[in-house]
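# Summary of the model geometry
For reference, the chains in residue letters:
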Amino acid sequence: MATLTGAVSIALGDVHTAILGTDQELMDQFIAAGKEVGERFWQLPLDDDYTKQIKSDIADIKNVGGKKAGTITAAAF
């Protein structure tokens, strides 16, 4: 669940909580559990296209992918 960046607040406001992951079955379980308790999750994509933004010529990866898709690149990190 993304609470790690201010970017998620810009994207979703205070109504939904972003959820990202690579295990779809687990994501579905979290979303279902959230519905039971009134927590609204919104799944964001975690595709390789986004992880390209944190590639670095100097290090293994960068800790910031830029302004675009900040929540997703933070999760990819």
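Our structure's up above, just so we're on the same page.
We now turn to the structure provided with this report. Keep in mind that this is a model prediction, so the values were computed, not measured.

The rules behind the values
Residues numbered from 1 in each chain as written. Predicted model: local features only at pLDDT ≥ 70, side-chain atom pairs only at ≥ 80, totals over all residues. Heavy atoms only, no water. Helix = DSSP H or I, 4+ residues; strand = E, 2+ residues; numbered from the N terminus. Buried < 20%, exposed > 50% of the residue type's maximum accessible area, 1.4 Å probe, protein only. Polar contact = N/O pair within 3.5 Å; in protein donor to acceptor, adjacent residues only side chain to side chain. Expected span 1.5 Å × (residues − 1). Arc of directions from axis to C-beta. Salt bridge = Lys/Arg side-chain N within 4 Å of Asp/Glu carboxyl O.

## Remarks on the side chain of Thr17
When you line up the elements, Thr17 lands in strand β1 (residues 17–19). Exposure remark for Thr17: the relative accessible area of 17% places this residue in the buried category. Side-chain polar atoms of Thr17 contact the side chain of Glu39, separated by 3.1 Å.

## Some thoughts on helix α2 (residues 24–37)
In an α-helix, one turn spans 3.6 residues; hence positions three or four apart end up facing the same way. Under the 1.5 Å per step criterion, the end-to-end length of α2 is 20 Å for 14 residues, consistent within 8% with the ideal 20 Å. Those residues of α2 that sit buried are Met27, Ile31 and Gly34. The buried residues of α2 occupy an angular sector of 60° when projected down its axis, which confines them to one face. For α2, the exposed residues lying more than 90 degrees away from the buried face are Glu25, Glu36 and Val37. A side-chain oxygen of the first residue of α2 lies 3.2 Å from the backbone nitrogen of Glu25; this N-cap is Asp23.

## A closer look at the pattern of salt bridges
One pass over the structure, following the stated rule, counts one salt bridge. The salt bridge partner of Asp49 is Lys52, with a shortest N-O separation of 3.5 Å. According to the relative accessible area criterion, Lys52 is exposed, its value standing at 52%.

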